Amino acid sequence: MKISDYLDKTLSVVVDLTGIEAEEVMGRRRTSELVDARWMVVKLLRDAGYYPSQIAPVMKMTRRQVQSIVAAFDVR
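First, a word on scope: everything that follows refers to the structure included in this document. (Residues numbered from 1 in each chain as written. Predicted model: local features only at pLDDT ≥ 70, side-chain atom pairs only at ≥ 80, totals over all residues. Heavy atoms only, no water.)

As enumerated under the stated definition, the model contains 2 salt bridges in all. In this structure, Lys43 engages Asp47 in a salt bridge whose closest nitrogen and oxygen atoms are separated by 3.4 Å. Of this pair, Lys43 and Asp47 both sit in helix H3 (residues 32-47), 4 residues apart, which is roughly one turn of that helix. (Salt bridge = Lys/Arg side-chain N within 4 Å of Asp/Glu carboxyl O. Helix = DSSP H or I, 4+ residues; strand = E, 2+ residues; numbered from the N terminus.)

Take a look at the structure:
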C-alpha cells in the first residue's frame, strides 16, 4: 500500500478519535491537541512500517522531527 493511501486511512482514524478536522491535523498550528493528533498520525505510520524518510514529506516535517516524535512518543 502506498503511504498516501495509508496516510488517508490513518488520518481518518485520528480524526474520528479526536474530533479534530484533517486540515487542522496536517496544518501548522501548534496547540497541544493538534500536536498530539499529529504525533498519533506519525506513530501509526511508523508502526505500520514506514520509515521516517517516507513519513517526513507527507507530514511536511523533517526526517529528524519524525525521529524525535517516534523516540519521545511513549514519554509524552
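As a further point, take a nonpolar patch on the surface. Where nonpolar side chains cluster on the molecular surface, the patch consists of Val13, Leu17 and Leu44 and spans about 270 Å² of accessible area. With respect to the helices, strands and loops of the structure, Leu17 is situated in helix H1 (residues 3-18). With a relative accessible area of 65%, Leu17 lands in the exposed category. (Patch = residues over 30% accessible without salt bridge, like charges linked within 9 Å, V, L, I, M, F, W, Y side chains within 5 Å. Areas by Shrake-Rupley, 256 points an atom, 1.4 Å probe, with all protein chains shown as cover. Buried < 20%, exposed > 50% of the residue type's maximum accessible area, 1.4 Å probe, protein only.)

Each pair of packed helices gets described by two things: the angle between the helix axes and the distance between those axes. One can describe the packing of helix H4 (residues 52-59) onto helix H5 (residues 63-72) by two numbers: an axis separation of 8 Å at closest approach and a directional angle of 110°. Considered as vectors, H4 and H5 are oriented roughly perpendicular to each other. Counted together, Pro52, Ser53, Ile55 and Ala56 of H4 and Arg63, Val66 and Gln67 of H5 form the full contact between these two elements. By residue class, the composition of the contact of H4 with H5 is 4 nonpolar, 2 polar and 1 charged. (Axes fitted to C-alpha atoms, helices over the stretch in contact; angles between N-to-C directions. Parallel < 35°, antiparallel > 145°, perpendicular 65-115°, else oblique. Contact = heavy atoms within 4.5 Å. Nonpolar A, V, L, I, M, F, W, Y, C, P; charged D, E, K, R; others polar.)

Note that every value here comes from positions in space, so none of it alone points to a role or purpose.
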